[in-house]
There are 2 protein chains.
Amino acid sequence: MKPNFSLRLRVFNLNCWDIPYVSKHRADRIERLGDFLNTENFDLALLEEVWSEQDFQYLRQKLAVIYPAAHYFKSGIIGSGLCVFSKHPIQEICQHIYTLNGYPYMIHHGDWFCGKAVGLLVLHLSGVVLNAYVTHVSEASSAQLCCMRLHAEYNRQKDIYLTHRVAQAWELAQFIHHTSKKADVVLLCGDLNMHPGDLGCCLLKEYTGLHDAYLKTQDFNGPEEGYTMIKQNCYVSQQDLGPFPFGIRIDYVLYKAVSGFYISCKTLKTTTGHHPHNDTPLSDHEALMATLCVRHGPPEQDPSPPHGPAETSSLIRVLREAWMELGLGIARARWWTAFASYVTGLGLLFLVLLCVLATGEGAREVAILLWSPSVGLVLGAGAVSLFHMQEAKSLGRVQAELQHVLGKAKEAQDCTQSLS
Amino acid sequence: MKPNFSLRLRVFNLNCWDIPYVSKHRADRIERLGDFLNTENFDLALLEEVWSEQDFQYLRQKLAVIYPAAHYFKSGIIGSGLCVFSKHPIQEICQHIYTLNGYPYMIHHGDWFCGKAVGLLVLHLSGVVLNAYVTHVSEASSAQLCCMRLHAEYNRQKDIYLTHRVAQAWELAQFIHHTSKKADVVLLCGDLNMHPGDLGCCLLKEYTGLHDAYLKTQDFNGPEEGYTMIKQNCYVSQQDLGPFPFGIRIDYVLYKAVSGFYISCKTLKTTTGHHPHNDTPLSDHEALMATLCVRHGPPEQDPSPPHGPAETSSLIRVLREAWMELGLGIARARWWTAFASYVTGLGLLFLVLLCVLATGEGAREVAILLWSPSVGLVLGAGAVSLFHMQEAKSLGRVQAELQHVLGKAKEAQDCTQSLS
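No experiment lies behind these values; they were computed from the predicted model shown.

A. Representation of the relation of the copies chain A and chain B. Note on the identical chains: chain A maps onto chain B by a rotation of 180° and an axial translation of 0.1 Å, with an RMSD of 0.1 Å. What the rotation and shift describe, once combined, is the action of a two-fold rotation axis. When the interface residues of chain A are mapped onto chain B, 100% of them again lie at the interface, so the same face is used by both copies.

Structure, rendered in structure tokens:
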């Protein structure tokens, strides 16, 4: 490789809001997205919320010349909604489906049915190994997100998905950490459904060492504060934004370079509620377009090692906070398990009582009428109990992993302190 | 590191058959297992089917002096049953829960409730990075395994878990491939529930390049053919072994060295249906005890590259077979989805009919009596339909990944052929 080697990488990310029967102007928006991607000629286009596999196939056909490589990440009952189009050959593909994905009985939220995941593509570009990740972390209504931000401690209980998002952020961080050990450059794009300062987001960035393109770019062009859901977008209602009338930033381009490479974000452009070439937006989220530059050599602007003393203590702080949040989640899951088990037990007793009543003459018809809802109650409560049992186990697993990393980070900190 | 560097690694693997309320002499066996592990002083003890977390805690306490590091891999509703005890500090921990884990309505098989998984430990031993994996692949009754082996094509339909095991083997292979890129030595121990020649087993070994300790060892001591479930074990019934009266080999120690290291298996010892120090066995499976030796330098006995032309064509063959098996699985899953959807639809129509009947006088009592089982039928069939929809999606994902690897392997083969 030449000493003055430089690789320019143009990346596109969009949560497409492509939900059959629900999203407005779906076909038209997907068609215009295809046209736009063909015109702009990116290296990589990473898309979320493409819930219709037909739409992916349509795009694949439309983009075949400019982006010969494409992949749709299947998962869950509906799908992960993730897909990718690449100008360069994809060497390897892998995906991880998050263990905790919301609650099956919250049908209207849909998370459990989607199988939210993170997809990995390995590309070899001019000798550089690039691991590109695309993800979509569990939904939270903007109202919930906002409550959480505005009244962090007081309203934390209201955000029922907070613990799941922290667990997902940890699984995402672990997946990136363990699968990118031989990568030269790591890129993560996606809708994290988290504000930049949220616990899961901090955990992800602190543990993986990924940098936020918005914070690091030399040239940003887009809405103030880098918002990716804004009031100017005609598909976004004021209700969606809640107490953040101007917008929220929940979509990200994150990156880092490893092993003797240096990466910087030359430009980051975000759409401003309109289609870049006319007036109708491509989605209810804004698209992110980053131009990254990969070069040889040590970091120019950030000469400190990735996990120096300051980084370690900051990692310890966020690990501790996540550990505590998971503890609360485990306690909640156990409470629901116990409650649903009691209800199942009581329901079974009630069924026995109904059987006794049905054998007599007095209340036979009432007993038969009540039989059906009682069986439903027992089965429903049993399922809820099993679900929360599994939730407690999964959260316990994440907590144990965090505990282990926390122990190692503290050891490293003690070692540094004793040396200095 | 010295040029004559050599690392000796003593590894223990056992499927412990530690199922509360089911397994015989559980407490006694676990106690004796603890004593044995303390006496033998292994580097690593990797255990499967430790379904009781209390038993893990008991062992952790008992082994704390000799094996200061331990981890229990939590997952699913019941747990993964996997745990590990290590004489050396564990640097990193990670786990992957298999996406397909049997069928929830096959309650008596229990697989779906367990959350079968693969656990990863990263150890640093004298400068060598060791990735140790422990797993337990979905059950199949021995009868099913045997049918599959004896009447491979004819009885394939009877082994309902075959496709799931192939999918799990692929997920295992992918997990190892993507997480071990910077490891010097890779070790996989576990109960694969597959015979050495079974499709999943071949897929795993061909894709990862792992070697089977039983086939490679210089000194084997144990039952003929390396069987790990044998008739001499008093906990194994003739029915368990089916048409293989002498035994089956389904537990493995697999390994490989990467990046300038060479690994060999000096000795492999398997228990012979008795406890090594007295007469009662530790489990219904036999324990595997391997002594591995890691040295610097290129392979001594196997100078060909890991994926030479012969290996590539062998990989292509097994990838093709797995791809076809997954195709059959997808067709089956789609058939069940369609069937269950029809039943759900018919059940809904029947419910409407019952409502009409209940409003009249003639058959009100019959209608009310039939209401409960009909609701159950609709809900049950709906759940089965959703489950198989998710099954088809997951199998489709694995098939797409296989397709991608198959394409790359063919490209490599064509490239080699055109060069020669």
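B. Molecular detail of the pattern of salt bridges. Residues and elements named next belong to chain A. The full count for this structure, using the stated rule, is 26 salt bridges over all chains. The closest approach of N and O atoms between D43 and K87, which form a salt bridge, is 3.9 Å. With D43 in the loop between α1 (26–40) and β2 (44–50) and K87 in the loop between β4 (82–86) and β5 (92–97), this residue pair connects regions lying 44 residues apart in the sequence. Residue classification places K87 among the partly exposed residues on the basis of a relative accessible area of 30%. Close ionic contact of D212 with R249 constitutes a salt bridge, the shortest N to O distance being 2.9 Å. Note that D212 is positioned in strand β9 (residues 211–212) and R249 in the loop between β12 (247–248) and β13 (251–257), a separation of 37 residues in sequence. Accessibility assignment for this pair places D212 and R249 in one class, buried. Among the charged side chains, a salt-bridge network with shared partners connects D18, R26 and D55.

C. Here's a closer look at the interface of chain A and chain B. Each partner contributes to the interface: chain A provides 44 residues, whereas chain B provides 44 residues. Between chain A and chain B, roughly 3800 Å² of surface is buried when both sides are summed, and carbon and sulfur atoms account for 60% of that area. Together, A:I77, A:H178 and A:K393 form the three largest contributors to the area buried by chain A at its contact with chain B, with a combined 17%. Here chain A is connected to chain B by two salt bridges. Residue A:E92 pairs with B:K181 through a salt bridge whose shortest N-O separation is 2.8 Å.

Each value, and the rule that gives it
- Residues numbered from 1 in each chain as written.
- Chains lettered and ligands numbered in written order.
- Predicted model: local features only at pLDDT ≥ 70, side-chain atom pairs only at ≥ 80, totals over all residues.
- Heavy atoms only, no water.
- Least-squares fit on C-alpha atoms with pLDDT ≥ 70 in both.
- Contact = heavy atoms within 4.5 Å.
- Salt bridge = Lys/Arg side-chain N within 4 Å of Asp/Glu carboxyl O.
- Helix = DSSP H or I, 4+ residues; strand = E, 2+ residues; numbered from the N terminus.
- Buried < 20%, exposed > 50% of the residue type's maximum accessible area, 1.4 Å probe, protein only.
- Buried area = accessible area lost by both parts, 1.4 Å probe.

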